[in-house]
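The lines below spell out each chain.
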Amino acid sequence: MPSVILRFTFSNGYPSENGPKFDISAPTLRKDQYSELLLILRNLCEASVGTPVIYSMIETIRSFLGNLSDGADVATPDVHETSVNACIRKSGVETIYTLPSVRDHVASVGRRLPLAFGVICPTIYHGDIVTDRKSVFQAHCCRVSSLPEVSAFISTVLEDKKVSTATHNIAAWYLRTKINPNASKASLVADYDDDGEAHAGGRLLHFITMACVDGVAVMVTRWFGGIHLGPDRFRHINNAASQLLTQQGLTKGTATIPSNQTKTKDRVKKRK
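The name an unreviewed UniProt entry assigns to the chain is RWD domain-containing protein, from the organism Mesocestoides corti. In its Subcellular location (unreviewed entry) section, the UniProt record describing the chain reads: "Cytoplasm".

Draft legend 1. Quick look at the pairing of strand 7 (residues 168–177). In terms of burial, strand 7 is a largely internal element, nine of the ten residues being buried. Pairing between strand 7 and strand 9 (residues 216–223): seven bridges, direction antiparallel. Of the residues in strand 9, the one forming a bridge with Ala 171 is Met 219. Bridge analysis of strand 7 against strand 8 (residues 187–193) gives seven bridges, and the strand direction is antiparallel. Note on strand 8: the bridge partner recorded for Thr 177 is Ser 187.

Draft legend 2. The arrangement of the nonpolar core in detail. Among the nonpolar cores identified, the biggest contains 48 residues, and Phe 22, Ile 208 and Leu 245 are the most heavily contacted of them. Among residues more than four places away in sequence, those in contact with Ile 208 are Ala 172, Trp 173, Tyr 174, Val 218 and Leu 245. In this structure, Leu 99, Ala 166, Ala 171 and Ala 217 belong to the second largest nonpolar core, which totals 24 residues.

Draft legend 3. Expanded view of the side chain of Gln 138. Along the chain, the position of Gln 138 falls in strand 6 (residues 135–143). Residue Gln 138 is classed as buried on the basis of its relative accessible area of 0%. For Gln 138, the side chain forms a polar contact with the main-chain oxygen of Gly 127, separated by 2.9 Å.

Draft legend 4. Quick look at the pattern of salt bridges. For the structure on display, the rule yields ten salt bridges. Notably, a salt bridge pairs Asp 132 with Arg 133, separated by 2.9 Å at the nearest N-O pair. Since its relative accessible area comes to 36%, Arg 133 is described here as partly exposed. Across the pair Arg 133 and Asp 232 runs a salt bridge, and its minimum N-O distance is 2.8 Å.

What counts, and where the lines are drawn
- The numbering scheme is per chain: residues are counted from 1 as the chain's sequence reads.
- A pLDDT threshold of at least 70 governs which residues receive local features in this predicted model, and a stricter bar of 80 or more applies before side-chain atom pairs are shown or counted, although totals over entire chains, interfaces and linings include all residues.
- The basis for every side-chain value is the complete set of non-hydrogen atoms in the structure, without hydrogens or water.
- UniProt positions are given in the numbering used here, feature names are shortened, and annotations may be inferred rather than shown by experiment.
- Only protein chains enter the area calculation, which uses a 1.4 Å probe; residues under 20% of their type maximum are buried, those over 50% are exposed, and those in between are partly exposed.
- Every helix listed is a DSSP run of H or I at least four residues long, and every strand listed is a run of E at least two residues long, numbered separately from the N terminus.
- Pairing between strands requires that DSSP locate at least two bridges from one strand to the other.
- Among the buried residues, those of types Ala, Val, Leu, Ile, Met, Phe, Trp, Tyr and Cys that are joined through side-chain atoms within 4.5 Å form a nonpolar core.
- Should any heavy atoms of two residues lie within 4.5 Å, those residues are counted as being in contact.
- In protein, a polar contact means a hydrogen-donor-capable atom and an acceptor-capable atom, both N or O and within 3.5 Å, with residues adjacent in sequence counting only if both atoms are side-chain atoms; elsewhere, any N or O pair within 3.5 Å suffices.
- Salt bridges are counted wherever a side-chain nitrogen of Lys or Arg sits within 4 Å of a carboxyl oxygen of Asp or Glu.

Here is the structure:
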């Protein structure tokens, strides 16, 4: 089965000033196909300076291999994603871009993690319930300006027992903040947590980096109903997030005045 391995590292100016440094390994592609894919990825990075681009690169590779597969040049594509967090750790800025996991926050329900001590949690909004074959999805979001606020957001949402005991709480955040207190300007920071729902966090992050203004944190809660939904679960997760973020004016081109959607002090809507 053919595969493309994408390796990348983040420079100090990523993503506000330049793109990631990357290379690809694709031994099953012909030389001309390899060169074409490499050129497409380089052009994508050049055109995307100022916004995170890793997930766009991954989707571009998938699309490229899918088109080749349609033409019988290669078999079904198999794209191996290098862990974003692993690359961040290698770049030496782990404490800047990463947060304790959602599971760590669940284990500390009722008290803040050290990162968020003394932080005032921004107003949180809760979306409508989405139900499909007994699985239930609900989105939660807020504006954020720092990673401690992201941690406070996660902890506050998890204070509701129905949420903290859900099957998955997929989270993603995308904001502009200073890498360190002495930095001359803020950089864009983006990350996610699948919370056990493989690939869901990356897809959610890709959506908010493409569709939302910066300064957003979102979590989608899933209560598994016993019936596997296949790819439909990703559609429900992103659609639940998209609907709420649009209602709150957090997507590009939408109003900035929040709607009357349920706020954080209200109970999470009763599941059907």
